[in-house]
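# Survey of secondary and tertiary structure
Below are the chains, spelled out letter by letter.
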Amino acid sequence: MTIIVGSLFLPYTVHFEIDRNHYEFLQKEDSAKLETIRISGGQDDNTIPPSLTASQPHLLNNSSSVSILHPNNVTNSSTRSETPDEFFYNKRNPRSQREGVPDSYPASPALHYIQPKPRVGNKIESSILDPKKQTDPYNSTGLKINRSSTNLSISTPNLSRPQNIRAGSHSKLHNEVTLGSRPHQYCGFTIQGNNSLNSLVSEETPSGVNNSAMIPSSFEDEDEDGLIGFEKNYNNSVSHNRGLAPYGGFSKPHIEKYFWDDDIFNIAPWSVVPSESGNGSLNKAIDLSVKEGILQQNKWVGIIAMPSDTISEKIRQDIASKLDSEYNCEAVFPDDITFEGHYKSFCKQILWPTLHYQIPDDPKSKAFEDHSWGHYVLMNQLVADKLVETFVATNGDCNFDDSENVIWVHDYHLLLVPRMVREKLPKVKIGFFLHVSFPSSEVFRCLAQRTELLEGMLGADVISFQTNEYVRHFKQTCNKILKAEVTDDKVAYKNRTTIVNTIPVGIDAPSLEKKIHSDSVLEWRRLIRERWGEQKLIISRDKLDKLRGIKQKLLAYEKFLNQHPEYIDKTVLIQICIGSGSDPSYESEVMKIISRINSLPENISVIQPVVLLQKDIEFDQYLALQCEAESFVVSSMREGLNLTCHEFITATEEKKSPLILSEFTGSASLLYCEGEGALLINPWDLKKFSEAFYESLIMSKEEKKKRWENCHHFVLTQNSKHWVTNCLESINNAWSLIKEESRK
């Protein structure tokens, strides 16, 4: 039979493509332009190599960090004269560049991808700061052009449908729209002339406005359980698509003026591709379990990571049909207001911060007003209804004994779903897994909807958490708020019992090991050794926000260097930042500390104790850094589970370097190994934090080996397949136990 997996985001999404006729039109009308179109999103991107003429219009979809080098310009060495940014961002494929081999070009012109823009705006006033009202001389909404070269946040236009202004022909449109003209808006999608791949469309923003509150939800934060690295890049490696314009816009912005059409999503070809949104570890674990026979079959239920209001009902039905028949996915299509209210407002501004001990108590915050709660309830009901419909259609409405007749719901976006499903299918097996942390009762009780959220979760037969600490917090919260009876592994409430347990998520270590031994990673390791020589590398990778403890990490590192000045010239802390920061004042503090540390060497033009990479690097580069690191640092103030730790343990098999890990991450209790695993630190205790840097660098080989072996044993045994197996086994056991108790 079939396991039904409920997650907010499906593992697949849809890319709309500009019709090839449009491309051929461009080739006829202005073929010379094909030789000058930029093929990546950065400011300093190279154009298509001269060897590719108009008769060979091979365009590539590359990320903004990619520069395609002509073979004649390839250098054979990596010199220390390069800045770290140049070292990482100007070299995509070091092996092919060193050998003088050009990157392979596709056999046919690359398609240009677009996605719709959410048609929501001032009707949702749930941001901490109100969105700016928009004015436009054309009285139109939904389509804007922006040519800034910086990262921007998305605007929030009105919902009114614009006047239908359509060009009579592409030629006419070419004459009407020129570079530098007034931005226009049209219904439903964004044309984007921005040179940064990750830039989002925006109006001018008044100084002091926090744009992070208006960023499209799927690009706003890291994976829902804080997962980055191998699990996140799994989907990237499958899709091979580096040119998608996020939430509206063309992946090749220089041809935007040729494709101005307000019903483009009804005529443009589309394809289903792996999604980069959502929970990478869950997607990978399910996929691996099916391939290896742990699961016979599964069905996904969730939404595609894309606004859908501007897509016609027929296209939505076609998409749903293809997802069902070819990808085992049942798609839910919430309207854009529901999606934004649920995800951007309630999940990201209320629920997620509270679950991570950050109560949004800013005086200007609207976080605890009730308007976004309705969107959260509605989204949960839509997913629950689809889960019930899918289960009945797949497994029937009475065959509940089969071990794989299970509904498995995931994460904080869907806390109400277990109870909603239970109300319609009282006898079905339901499991719920919370990927993020669960706070103490004193924090959770601050939520206005605390009772409803807890009762929603208790609709499941079993609730699984990442650590024992989260289990303890949940039981205490149920006892204090609901007056529920709790025992070691049970919560009894309103004549129903729910089992609670700990089953931490793992990684697919064997697949990661293959990647680590790939030619690309080995080549990057060589280049890194060449670039930094005998200096000891300390690596860290975080989102630039307060929760990740970057400031405390830098202060502790500064203290370490001041106490041990002999290491000023010998060590380099490479801090990789992922995503975009949302707190300018915090970023300014971080920059000041970095400047202070980098002024410590006598020769500041040569020695740089801190390297800050303000955008993410390629995964091969990241793995190579982990392999060459003398230590890896995670200083989060609060985090559900940090699988970068597991990745590092796998990557440092050769050097067996120590892991410095915050005790406030879920991984701390797993990798501490009774004091003989990771070096645990309190990010607020700068003295002991600084001592951990020193300890990691002077640790003997024997000590390193012992600590690494203990951590590695856990990573290998508690892997993603183990996680899936144990979770499903616990769901079946809990259902059987509850069934037996109900007969007494």
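Since we're looking at a predicted model, the values are computed, not measured.

## Remarks on the overall build of the chain
In terms of helices and strands, the chain carries 25 helices and 18 strands. In the chain, which comprises 744 residues, the share counted as buried stands at 60%. For the chain, the computed accessible surface area is about 29400 Å², with 47% contributed by carbon and sulfur atoms.

## Some details on the nonpolar core
Looking at soluble globular proteins, one finds that nonpolar side chains tend to be buried together. Formed by 80 residues in total, the largest nonpolar core has its most connected members in Phe16, Trp408, Ile574, Leu625, Leu659, Leu671 and Trp723. For this core, the two domains that each supply at least three residues are domain 1 (264–502) and domain 2 (509–718). Not counting the four nearest positions on each side in its chain, tryptophan 408 is found in contact with Ile4, Val5, Gly6, Ile286, Gly431, Phe432, Phe433, Trp723, Val724, Cys727, Leu728 and Ile731. Within the second largest apolar cluster, 62 residues are counted, among which are Val388, Val409, Val417 and Met420.

## Observations regarding the packing of aromatic side chains
Summed over all chains, the structure comprises 27 aromatic pairs. Pairing phenylalanine 433 with tryptophan 723 gives two aromatic rings, centres 5.1 Å apart and planes at 85 degrees, and the pair type is edge-to-face. Of this pair, phenylalanine 433 sits in strand S8 (residues 429–433) while tryptophan 723 sits in helix H25 (residues 720–743), and the two are 290 residues apart along the sequence. The burial state of phenylalanine 433 is the same as that of tryptophan 723; both residues are buried.

## Topic: the sheet that holds strand S6 (residues 329–332)
Read across the sheet, nine strands follow the order S6-S5-S1-S7-S8-S9-S12-S11-S10 without closing on themselves; strand pairing throughout is mixed. In the strand order of this sheet, the two ends are held by S6 and strand S10 (485–486), each with one partner. As paired elements, S10 and strand S11 (residues 490–493) share two bridges and run antiparallel to each other. By the bridge assignment for S11, glutamate 485 is matched with alanine 492. On top of the sheet, helix H9 (residues 313–327) reaches strand S5 (298–303) and S6; it is set at about 160 degrees to S6, its chief contact.

## Things to note about the pattern of salt bridges
Across all of its chains, the model carries 38 salt bridges by this definition. Between lysine 344 and glutamate 340 there is a salt bridge, with its nearest N and O atoms 3.6 Å apart. Linking lysine 344 with glutamate 340, this pair stays in helix H10 (residues 336–355), spanning four residues, or about one helical turn. In terms of burial, lysine 344 and glutamate 340 fall into one category: buried. A network of salt bridges, in which partner residues are shared, links Arg419, Glu423, Glu455 and Lys494.

## Some words on the pairing of S8
In the case of a regular strand, side chains alternate between the two sheet surfaces. With five of five residues buried, S8 is to be regarded as a mostly interior element. Burial of the side chains of S8 extends over both faces: Lys429, Gly431 and Phe433 are buried on one face and Ile430 and Phe432 on the other. One ladder, built from five bridges, connects strand S7 (residues 406–410) with S8; its direction is parallel. Looking at S8, one finds that valine 409 is bridged to phenylalanine 432. A crossover links S7 with its parallel partner S8, the connecting element being helix H12 (residues 417–424), and its sense is right-handed. For S8 and strand S9 (residues 462–465), the ladder comprises three bridges, and the chain directions are parallel.

## Remarks on the confidence of the model for the chain
Residues with a pLDDT of 70 or more make up 67% of the chain, whose mean pLDDT is 75. Scored below 50 in pLDDT, residues 94–109 makes 38 contacts in the model with residues more than four places away or belonging to other chains.

## Comments concerning the sheet that holds strand S15 (residues 610–613)
Across the sheet, which stays open at both edges, the six strands sit in the order S15-S14-S13-S16-S17-S18 with parallel pairing between neighbours. Edge positions in the sheet fall to S15 and strand S18 (679–681), since each has one partner strand and no second. Between one strand axis and the next, the sheet turns by 20 degrees as a mean value, whatever way the strands run. Both strand S13 (residues 536–543) and strand S16 (residues 631–634) contribute to a ladder of two bridges, which runs parallel. Looking across to S16, one finds that isoleucine 538 is bridged to serine 631. The strands touched by helix H23 (residues 686–698) are S13, strand S14 (571–578), S16, strand S17 (659–662) and S18; relative to S18, the strand with the most contacts, the crossing angle is about 165 degrees.

## Focus: the pairing of S5
Counting buried positions along S5 yields six of six residues, so the element is predominantly enclosed. A two-sided burial pattern is seen for S5, the buried positions comprising Asn298, Trp300 and Gly302 on one face and Lys299, Val301 and Ile303 on the other. Note: strand S1 (residues 3–9) against S5, five bridges, orientation parallel. Within S5, the residue paired with isoleucine 4 across the bridge is lysine 299. In this sheet, S6 lies alongside S5 in parallel orientation, the contact comprising four bridges. Looking at the pairing, glycine 302 lines up with alanine 331 of S6.

## Some points on the packing of helix H18 (residues 550–563) against helix H19 (residues 584–598)
Following both chains from N to C, one finds H18 and H19 inclined at 15 degrees, their axes separated by 10 Å at the closest point. With respect to H19, the element H18 is oriented roughly parallel. Crossing geometry of H18 relative to H19 is assigned as left-handed. Contacts between H18 and H19 involve Ile550, Lys551, Gln552, Leu554, Leu555, Tyr557, Glu558 and Leu561 on the former and, on the latter, Tyr586, Glu589, Val590, Ile593, Ile594, Arg596 and Ile597. Looking at the contact of H18 with H19 residue by residue, the classes come out as 10 nonpolar, one polar and four charged.

## What to know about H12
Among all positions in H12, only Val417, Pro418, Met420, Val421 and Arg422 are buried. Tucked into the core, H12 has its buried residues touching helix H11 (371–395), S7, S8, helix H14 (450–457) and strand S12 (496–502).

## Focus: the side chain of arginine 541
Relative to the helices and strands, arginine 541 is located in strand S13. For arginine 541, a relative accessible area of 4% corresponds to the buried category. A distance of 2.4 Å separates a polar atom in the side chain of arginine 541 from a polar atom in the side chain of aspartate 616.

## Examining the environment of lysine 701
Its location among the elements puts lysine 701 in helix H24 (residues 701–717). Separated by 44 residues in sequence, lysine 701 and serine 657 place their C-alpha atoms 9.0 Å apart.

## Here's the deal with unusual backbone geometry
If a residue is not glycine, its phi is most likely negative; likewise, a peptide bond is most likely trans. One non-glycine residue with positive phi stands out, namely asparagine 328, at about 55 degrees. Locating asparagine 328 in the fold gives a position in the loop between H9 and S6. Backbone geometry places aspartate 411, a non-glycine residue, at a positive phi of 75 degrees. Note that aspartate 411 resides in the loop between S7 and H12.

Quick notes on the rules
- Residues numbered from 1 in each chain as written.
- Predicted model: local features only at pLDDT ≥ 70, side-chain atom pairs only at ≥ 80, totals over all residues.
- Heavy atoms only, no water.
- Helix = DSSP H or I, 4+ residues; strand = E, 2+ residues; numbered from the N terminus.
- Buried < 20%, exposed > 50% of the residue type's maximum accessible area, 1.4 Å probe, protein only.
- Areas by Shrake-Rupley, 256 points an atom, 1.4 Å probe, with all protein chains shown as cover.
- Core = buried A, V, L, I, M, F, W, Y, C linked by side-chain atoms within 4.5 Å.
- Domains from an automatic or database assignment.
- Contact = heavy atoms within 4.5 Å.
- Phe/Tyr/Trp six-rings, centres within 6.5 Å; stacked < 30°, edge-to-face > 60°.
- Pairing = 2+ DSSP bridges.
- Axes fitted to C-alpha atoms, helices over the stretch in contact; angles between N-to-C directions.
- Salt bridge = Lys/Arg side-chain N within 4 Å of Asp/Glu carboxyl O.
- Right-handed = clockwise from strand over helix to strand, strands pointing away.
- pLDDT = per-residue confidence, 0-100.
- Parallel < 35°, antiparallel > 145°, perpendicular 65-115°, else oblique.
- Left-handed = near helix turned anticlockwise from the far one by under 90°.
- Nonpolar A, V, L, I, M, F, W, Y, C, P; charged D, E, K, R; others polar.
- Polar contact = N/O pair within 3.5 Å; in protein donor to acceptor, adjacent residues only side chain to side chain.

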